[in-house]
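Notes for the structure review
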Amino acid sequence: MFEQIADKLKDAKKIVFVTGAGISQESGIPTFRGTDGLWRKYDPMKLATIDAFYDDPKLVWEWYEDRRKNILAAKPNPGHQAIAELEKYKDVVVLTQNIDGLHQRAGSTKVLELHGSIIRIKCTVCDFKGDFKSSFDELPPKCKCGNILRPDVVWFGESLPQDVWQEAIIQANSCDMMIIAGTSLVVSPANTLPIYARQNNAILIEVNPEETVMSQDMQLSLKSTSAIALPELISIFQK
Ligand code: BV8
Ligand code: ZN
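Residues numbered from 1 in each chain as written. Chains lettered and ligands numbered in written order. Predicted model: local features only at pLDDT ≥ 70, side-chain atom pairs only at ≥ 80, totals over all residues. Heavy atoms only, no water.

Across its full length, the chain holds 11 helices and nine strands. In terms of overall dimensions, the chain is globule-like: its C-alpha atoms have a radius of gyration of 18 Å, near the 18 Å expected for 239 residues. Judged by the C-alpha coordinates and their principal axes, the chain covers about 60 × 30 × 30 Å. Within the chain, the fraction of its 239 residues that count as buried is 54%. For the chain, long-range pairs separated by at least 24 residues make up 66% of all intrachain contacts whose partners lie at least 6 apart in sequence. Carbon and sulfur atoms make up 52% of the accessible area of the chain, which totals about 11,000 Å². Both charge centroids of the chain, one from 27 positive and one from 31 negative side chains, sit 3 Å from each other. (Helix = DSSP H or I, 4+ residues; strand = E, 2+ residues; numbered from the N terminus. Rg over C-alpha atoms; globule rule 2.2 N^0.38 Å. Buried < 20%, exposed > 50% of the residue type's maximum accessible area, 1.4 Å probe, protein only. Contact = heavy atoms within 4.5 Å. Areas by Shrake-Rupley, 256 points an atom, 1.4 Å probe, with all protein chains shown as cover. Lys, Arg positive; Asp, Glu negative; His and termini not counted. Charge placed at Lys NZ, Arg CZ, Asp CG, Glu CD.)

For the chain, the domain assignment lists domain 1 (1-28 + 76-115 + 160-239) and domain 2 (30-73 + 117-153). Each of domain 1 and domain 2 has a C-alpha centre, and these two points are 26 Å apart. With 12 residues of domain 1 at the contact, the number on the domain 2 side is 15 residues. Interface area, domain 1 with domain 2, both sides summed: about 1,000 Å², of which 56% is carbon and sulfur. Summed over the shared surface of domain 1 and domain 2, the number is three residue pairs in polar contact (both at pLDDT 80 or more). Classifying every residue of the side of domain 1 that touches domain 2 gives four nonpolar, five polar and three charged. (Domains from an automatic or database assignment. Buried area = accessible area lost by both parts, 1.4 Å probe. Polar contact = N/O pair within 3.5 Å; in protein donor to acceptor, adjacent residues only side chain to side chain. Nonpolar A, V, L, I, M, F, W, Y, C, P; charged D, E, K, R; others polar.)

Moving on: the coordination of the zinc ion (ligand 2). Angles at a metal have ideal values that depend on geometry: 109.5 degrees with four tetrahedral donors, 90 or 180 degrees with six octahedral donors. Around the zinc ion (ligand 2), the protein contributes the donor atoms Cys123 (SG), Cys126 (SG), Cys143 (SG) and Cys145 (SG), at 2.2 to 2.3 Å from the metal centre. Geometry at the zinc ion (ligand 2) is tetrahedral, judged from its four donor atoms and the angles of 103 to 123° they form at the metal. In primary sequence terms, the donor set of the zinc ion (ligand 2) follows C-x2-C-x16-C-x1-C. Residue cysteine 123 is found in strand 4 (residues 116-123), and its partner cysteine 145 is found in the loop between strand 5 (129-131) and strand 6 (149-153); the two are separated by 22 residues along the sequence. For cysteine 145, a relative accessible area of 38% translates into the label partly exposed. (Donors = N, O, S within 2.8 Å, 3.2 Å for Na, K, Ca; no water. Tetrahedral: all angles 85-135°; square planar, octahedral: opposite > 155°, others 65-115°.)

With respect to topology, six strands assemble into an open sheet ordered 3-2-1-7-8-9, the strand pairing being parallel. The sheet is open, and its two borders are formed by strand 3 (111-113) and strand 9 (220-222), each paired with just one other strand. Sheet twist, expressed as the average angle between the axes of neighbouring strands with direction ignored, equals 15°. As paired strands, strand 1 (residues 14-19) and strand 7 (residues 177-181) are joined by five bridges and run parallel to one another. Residue pairing across strands places valine 18 opposite isoleucine 180, the latter belonging to strand 7. Running at roughly 135° to strand 3, helix 9 (residues 162-173) makes contact with strand 1, strand 2 (91-96), strand 3 and strand 7 of the sheet. (Pairing = 2+ DSSP bridges. Axes fitted to C-alpha atoms, helices over the stretch in contact; angles between N-to-C directions.)

Secondary-structure assignment places histidine 115 in the loop between strand 3 and strand 4. Within the local environment of histidine 115, its side chain forms a polar contact with the backbone oxygen of glutamine 97, the two atoms lying 3.2 Å apart. Apart from the residues within four sequence positions on either side, histidine 115 is in contact with Thr96, Gln97, Ile99, Val153, Val154, Leu160, Val187 and Ala190.

Right, here's the structure in full:
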């Protein structure tokens, strides 16, 4: 699959990955828009928004609790593992839209979570933030300050954490190769990262069984799943 760019892969100094829900699909975590899409059962704009949360915090919490249980039971798949393995050969940074923490659990050490993390919580009022591994006996859970807690994720209409977003742009601007895996590139501003990379003359590679809005702009658009394609990419370095 990667023969035609094997040399470019070997010459690359810094490889930045932009990943989305598709890379966790083979870990059993439903994507957002695919046929197994998580949102098939729920109306995404209804639940992943601040209004929905204040409208019905219990319902939104039940949705996240349901997803968090599935995520904590899931394991990184060969796609996540290949990206972690690549760190042995290259400077690798992962810019992920996913909130499942699977890149870190696979061993990736430089991961920017653009949309936050389902295993972190924060207070809706004070600056409390914490890990969220156990279950709560009541939903929505309360902070010590008396206000309700929320998952530390970015909802639609909310801006991304400025420090994370600024750092993501720096990484996209300073890589010589960007591999976009498992994302429909529908959600902004994450979907602008390949544009920053292209402006910096980076080689763009896409790994997605389906066509996306940017497939035509890629030097290589692999119609494959990430758990199949990414281990093949690593095998180039293991010959
Ligand atoms: C912002 C965290 C501005 C929560 C997520 C109209 C109304 C309202 C808003 C907007 C609007 N138009 C534009 C917007 C902006 C909005 C947006 O982009 N909306 C979209 C829907 C049009 N964006 C925002 O609101 C962002 N904030 O813009 O702020 C601002 C500025 C200043 C001040 C205030 C505000 C915030 C966006 C973050 C939303 N939070 N997640 C949670 O997860 O619960 S987004 C959510 O979508 C996930 O993070 C997910 O990762 C992400 C993107 O989806 P994908 O990852 O691409 O997943 P998808 O299912 O779409 O695609 C999967 C792909 O994988 C497919 O292509 C499939 O073919 C492929 N695939 C499947 N299997 C595999 C595979 N690939 C490889 N291997 C496989 N096995
Ligand atoms: Zn508080």
